[in-house]
Amino acid sequence: RWEVVGCTAEQLHGFNQPFQLSKLPLPADFPKLYAEGKAALVQAVKRCRPRKLDVPSDADLYSWDVQEGDLVILGSDGVFDNLHDSEICDILDVAAAADVDHLPPPTLDGARRPTAAATDPVRLAAAIAEAAAQRSEDKFADTPFGQYAREAGFEYAGGIQDDITVVAAWITSR
């Protein structure tokens, strides 16, 4: 059985207003952008109202102790707004069970834990991404985003369509 041993906190300016790393072109860049045929970008930048941009130094830093055989999952808000941590663990159970023939022999407690050789991390990431995409289209699902919305005083039910990116990696000694 999988378990979450560490996760980051969302960095928000307000409800549904996550930090966005960005770098806008400066006026000195405009001639080059015009020459490259990017007049629409220049016009969009000129129309932007001045505001504080989020820069990498605004990001929280995290560190966890890991060991060989741990699985690290990184994902965008389209994943974690649509799937609860327990659901991601369930998805990993199913995806890893599909490779049961590649699991190591049972340990003393009877468990057969996947290792880096057991399941391709691309397959695990794809399973999570697919589940998040399906959930994003479910108008009645109980999602983390719906819970956040209610806590912020909004009525919201169902998934939310957003970018969905997942990276899975096994910790190995190589």
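See the structure above.
Quick notes on the rules
- Residues numbered from 1 in each chain as written.
- Predicted model: local features only at pLDDT ≥ 70, side-chain atom pairs only at ≥ 80, totals over all residues.
- Heavy atoms only, no water.
- Helix = DSSP H or I, 4+ residues; strand = E, 2+ residues; numbered from the N terminus.
- Buried < 20%, exposed > 50% of the residue type's maximum accessible area, 1.4 Å probe, protein only.
- Core = buried A, V, L, I, M, F, W, Y, C linked by side-chain atoms within 4.5 Å.
- Contact = heavy atoms within 4.5 Å.
- Salt bridge = Lys/Arg side-chain N within 4 Å of Asp/Glu carboxyl O.
- Phe/Tyr/Trp six-rings, centres within 6.5 Å; stacked < 30°, edge-to-face > 60°.

A. Layout of unusual backbone geometry. We note that N16 has phi near 60°; this positive angle belongs to a residue other than glycine. Mapped onto the fold, N16 is located in the loop between β1 (12-14) and β2 (17-18). According to the relative accessible area criterion, N16 is partly exposed, its value standing at 43%.

B. Fine view of the nonpolar core. The biggest cluster of nonpolar side chains holds 18 residues, and the ones touching the most others in it are W2, L71, L83, L92, L124 and I128. Those elements giving two or more residues to this core turn out to be α4 (85-97), α5 (121-136) and β4 (166-170). Ranked by residues supplied to this core, first place goes to α4 with 6 residues. When sequence neighbours within four positions are dropped, the list of residues in contact with L83 reads I88, I91, I128, A131, A132, R135 and P144.

C. Highlighting the environment of E10. Relative to the elements of secondary structure, E10 occurs in the segment before β1. When its relative accessible area of 45% is taken as the criterion, E10 is described as partly exposed. Through-space distance from the C-alpha of E10 to that of D60 is 9.3 Å; in sequence the pair is 50 residues apart. Setting aside chain neighbours within four positions, we find E10 in contact with D81 and Y148.

D. View of the environment of R174. As for its position among the elements, R174 is in the segment after β4. For R174, a relative accessible area of 87% corresponds to the exposed category. In this structure, the C-alpha to C-alpha distance between R174 and E68, residues 106 residues apart in sequence, is 9.6 Å.

E. Molecular detail of the pattern of salt bridges. Under the definition given, this model contains 5 salt bridges. A cluster of three or more residues bridged by salt bridges with shared partners is formed by K32, E36 and K38.

F. Broad picture of the packing of aromatic side chains. This model, assessed by the stated rule, comprises 5 aromatic pairs. With a centroid separation of 4.9 Å and an interplanar angle of 80°, the aromatic rings of F145 and Y156 are classed as edge-to-face. Of the two residues, F145 is situated in helix α6 (residues 144-151) and Y156 in the loop between α6 and β4; the sequence distance between them amounts to 11 residues. Relative accessible area serves as the criterion here: at 5%, F145 is assigned to the buried category. For Y156, a relative accessible area of 29% gives the class partly exposed.

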